[in-house]
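The chain contents come next:
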Amino acid sequence: MSEIQYRQAKNGKLLIEILPDKCDFCGCCVGVCPEDAIELKEAEIYIIDPRCTNCAKCIWSCPIEVIKLNKNGVPVK
Amino acid sequence: MKQEYDIVVVGAGPAGSMAARFAAEQGVSVLVLEKDRDVGYPVRCGEAISKEGVAEFITPDEKWITARISKFAMIAPDGTEAVIELPGEGYILERRIFDYELAKSAAAAGAEYITRAYVNGLIIEDDTVKGVKYQFRGADKEVRAKIVIAADGVESRVGRWAGLKTHIDFRDMECCTQATVSGVKLNTDTCYFYFGENVAPSGYFWVFPKGEGIANVGLGVSGAIGKKRSAQSFLNTFMEQHYPNASVLTCIAGGVPCSPTLDKITGKGIMLVGDAARQVNPLSGGGIASGMIGGKLAGITAGEAIKKGNLNHIHEYEKRWHDRLGRRHETFNRIKEGIYNFKDEKFNAIAHSFNKVPYEKRSLGNLFTTALINQPSLLIDVAKVFLVK
Ligand SMILES: Cc1cc2nc3c(=O)[nH]c(=O)nc-3n(C[C@H](O)[C@H](O)[C@H](O)COP(=O)(O)OP(=O)(O)OC[C@H]3O[C@@H](n4cnc5c(N)ncnc54)[C@H](O)[C@@H]3O)c2cc1C
Ligand code: SF4
Ligand code: SF4
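Note that the structure is a prediction, hence the values are computed from the model and not measured. (Residues numbered from 1 in each chain as written. Chains lettered and ligands numbered in written order. Predicted model: local features only at pLDDT ≥ 70, side-chain atom pairs only at ≥ 80, totals over all residues. Heavy atoms only, no water.)

Trainee: Mind laying out the overall build of chain A, listing which residues take part and the relevant values?
Mentor: Along chain A, the regular secondary structure elements total two helices and six strands. Secondary structure of chain A in N-to-C order comes out as β-β-β-α-β-β-α-β. In terms of C-alpha radius of gyration, chain A reaches 12 Å, essentially the compact-globule figure of 11 Å for 77 residues. If you line up chain A on its principal axes, its C-alpha atoms span 40 × 25 × 20 Å. Every one of the 77 residues in chain A was classed for burial, and the buried ones make up 49%. In the form shown here, chain A has an accessible surface area of approximately 4200 Å², with 51% of it arising from carbon and sulfur atoms. With 10 positive and 11 negative side-chain charges, chain A shows a spacing of 6 Å between the two charge centroids. (Helix = DSSP H or I, 4+ residues; strand = E, 2+ residues; numbered from the N terminus. Rg over C-alpha atoms; globule rule 2.2 N^0.38 Å. Buried < 20%, exposed > 50% of the residue type's maximum accessible area, 1.4 Å probe, protein only. Areas by Shrake-Rupley, 256 points an atom, 1.4 Å probe, with all protein chains shown as cover. Lys, Arg positive; Asp, Glu negative; His and termini not counted. Charge placed at Lys NZ, Arg CZ, Asp CG, Glu CD.)

Trainee: So what's going on with the site of ligand 2? Residues and values would help.
Mentor: As a structural note, the neighbourhood of ligand 2 is formed by Ile16, Cys33, Pro34, Glu35, Ile38, Cys52, Thr53, Asn54, Cys55, Ala56 and Cys58 of chain A. Partitioning the shell around ligand 2 into residue classes produces eight nonpolar, two polar and one charged. (Near = heavy atom within 4 Å. Nonpolar A, V, L, I, M, F, W, Y, C, P; charged D, E, K, R; others polar.)

Trainee: Give me the nonpolar core: which residues, what numbers.
Mentor: Within the largest apolar cluster, 70 residues are counted, with the highest numbers of intra-cluster contacts made by Ile7, Val30, Leu33, Phe98, Val132, Ile147 and Ile149 of chain B. Sort the elements by how many residues they give to this core and helix H7 (residues 288–308) of chain B lands first, with eight residues. When residues no more than four places from it in sequence are discounted, the contact partners of Ile149 of chain B are Ile7, Val8, Val9, Val10, Ala19, Met271, Val273, Ala298 and Ala302 of chain B. One finds Cys28, Ile45, Ile64 and Ile67 of chain A within the second-largest nonpolar core, a separate group that totals 32 residues. (Core = buried A, V, L, I, M, F, W, Y, C linked by side-chain atoms within 4.5 Å. Contact = heavy atoms within 4.5 Å.)

Trainee: Would you mind going over the pattern of salt bridges in detail, with residue names and values included?
Mentor: Opposite charge on two side chains permits them to pair, given that their charged atoms come into close proximity. In total, this model carries 29 salt bridges over all chains according to the counting rule given. The residue Glu35 of chain A makes a salt bridge to Lys10 of chain A at a minimum N-O spacing of 3.1 Å. Within this pair, whereas Glu35 of chain A is found in the loop between helix H1 (28–32) and strand S4 (38–41), its partner Lys10 of chain A is found in the loop between strand S1 (8–9) and strand S2 (12–13), the two being separated by 25 residues in sequence. Judged by relative accessible area, which is 26%, Glu35 of chain A ranks as partly exposed. What emerges from the salt-bridge pattern is a single network uniting Asp36, Glu39 and Arg51 of chain A together with Arg157 of chain B. (Salt bridge = Lys/Arg side-chain N within 4 Å of Asp/Glu carboxyl O.)

Trainee: Give a description of the interface of chain A and chain B that names residues and reports values.
Mentor: Residue-level contacts link 24 residues of chain A with 32 residues of chain B. Buried area between chain A and chain B, summed over both chains or domains, comes out near 2200 Å², and the portion from carbon and sulfur atoms is 53%. Looking at the side of chain A facing chain B, the largest losses of area belong to Glu42, Trp60 and Pro63 of chain A, adding up to 28% of the total buried there. With its nearest N and O atoms 3.4 Å apart, the salt bridge here joins Arg157 of chain B to Glu39 of chain A. Where chain A touches chain B, the interface holds 15 residue pairs in polar contact (both at pLDDT 80 or more). The residue inventory of the side of chain A that touches chain B, partitioned by class, reads 13 nonpolar, three polar and eight charged. (Buried area = accessible area lost by both parts, 1.4 Å probe. Polar contact = N/O pair within 3.5 Å; in protein donor to acceptor, adjacent residues only side chain to side chain.)

Trainee: Can you lay out helix H3 (residues 95–108) of chain B for me, pointing to particular residues and giving the numbers?
Mentor: Residues and elements named next belong to chain B. Compared with an ideal rise of 1.5 Å per residue, which puts 14 residues at 20 Å, H3 spans 19 Å between its outermost C-alpha atoms and is within 8% of the ideal. Taken together, the buried residues of H3 touch helix H1 (14–24), helix H2 (51–55), strand S5 (81–93), strand S6 (112–115) and H7. Residue Gly110 follows H3 closely and has a positive phi angle near 120 degrees. (Expected span 1.5 Å × (residues − 1).)

Trainee: Tell me about the packing of H7 of chain B against helix H8 (residues 316–340) of chain B, and name the residues and values.
Mentor: Residue and element names in this part refer to chain B. One way to put it is that H7 packs onto H8 with a least axis distance of 8 Å and a crossing angle of 165 degrees. Between H7 and H8, the crossing angle belongs to the class labelled roughly antiparallel. Handedness of the crossing formed by H7 with H8: right-handed. For the pair H7 and H8, the contacting residues are Ser290, Ile293, Gly294, Leu297, Ala298, Ile300, Thr301 and Glu304 in the first and Glu316, Tyr317, Arg320, Trp321, Arg324, Leu325 and His329 in the second. (Axes fitted to C-alpha atoms, helices over the stretch in contact; angles between N-to-C directions. Parallel < 35°, antiparallel > 145°, perpendicular 65-115°, else oblique. Left-handed = near helix turned anticlockwise from the far one by under 90°.)

Trainee: With reference to specific residues and values, describe the domain arrangement of chain B.
Mentor: Residue and element names in this part refer to chain B. Taken domain by domain, chain B holds domain 1 (4–44 + 96–168 + 260–335), domain 2 (68–91 + 170–257) and domain 3 (336–387). One C-alpha centre belongs to domain 1, the other to domain 2; they are set 29 Å apart. Regarding the contact of domain 1 and domain 2, the summed buried area is about 850 Å², with carbon and sulfur atoms giving 62% of it. Taken together, the connections running from domain 1 to domain 2 amount to zero salt bridges. On inspection of domain 1 and its partner domain 2, the count reaches three residue pairs in polar contact (both at pLDDT 80 or more). Among the residues forming the side of domain 1 that touches domain 2, the class breakdown is five nonpolar, two polar and three charged. (Domains from an automatic or database assignment.)

Take a look at the structure:
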């Protein structure tokens, strides 16, 4: 079995996970992200890993609990 | 479509369309790029606006007015309801039609629109914005412009790419969720506002009628509250208590940046309008009318700059905005900060003492006066809101 690869954030492993299936693409998290680390298209969302600092502000701001802190790190798909 | 425009507007909300229209009316070339498939949809809005706020821009039309509002009801945490007649008329819009009509008016003035065009970067030369990069049907494209107007709403990324500090402190973000429901009983002439720790701490919960039996039911809470409990969880509780059997026709999330306007809303070759500039009324969270005003002022100023051949003229927009609304929003923001700290008992006391005022004598002004009687410094701010135009 191959080793699991994790996404890399600015300071270590990326711990922030967006669950795209639950997302409403409203832009609230994008507005508060101090690092401009979230890409949001019409119906597509993802974190630009090398910019993210795991600050969690996006988690607190998501009105419908779509973003989670994944303590184990977010694996590369 | 051309390779170069005088003005490119990013985002086709009310602010973007009004910027486009007022610029195009001066005979300059304007292109609007919108990432979504449809202008005006999805709707992330309670859709309340004053008649005045609309009439400056478009003749009121039954096509997009779902309810006419004449009363404001405040519901305190203990259930006490205080009702006030509003000084003017208000509307609950059908924004998917309204925004579309605004875009049609801009197109009629000569602005070109492209939807499903996702702007993902700026062309910057000599420290100056010279156009945008975008994706359209899978292809990477560019279009040059003398002026870029960022009307990209709460995301406000375009301004960031130009070096303006547009990200919003999470505490100032009102994180919202709303359901449009049918099968509810309420007066179709009244907007209902619920306050309190259990319904919407540091924000409010709204029920706005959209005609017989239909309403927008939603709330906003600061990101500081969201840290502990999400807007969705407050909405679920409210729906179970008040409308357990209602049908949910639409359900959306959204964010409203509730703070004074950004310090800088222009840069070299770029102007910010609407939510992207934080032109929302920070007390009410209403941003349709103020966004249209920001768009209009920016569009006029941008058109003038092109015609004069003097791009430095765009900075004039900052002053025009602050004279028209920016300074008032600073006052509204101070009032907001006062109200955010109210405890449930305070809201109850306000409703009780307000209900002692004879109905004919009630007004929004004396509601605020009652609310702020113990905070003289805020009273001065309130006086300014009602006395200074
Ligand atoms: C839940 C909720 C309830 C509200 N209720 C009310 C209310 O009752 N009354 C009121 O007055 N205001 C209300 N508001 C606020 C109001 O909706 C906004 O202030 C208003 O829509 C702002 O207009 P705008 O044109 O600045 O931005 P928007 O209407 O948000 O338009 C921005 C547009 O830019 C597009 N865009 C973004 N990024 C890009 C990109 N990279 N490329 C291309 N296009 C892009 C978006 O798709 C969008 O169409 C509410 C807001 C929310 C979230
Ligand atoms: S954790 Fe912070 S830096 Fe990372 S995406 Fe969220 S808000 Fe942006
Ligand atoms: S705030 Fe939540 S719902 Fe809105 S775009 Fe971000 S993850 Fe999606």
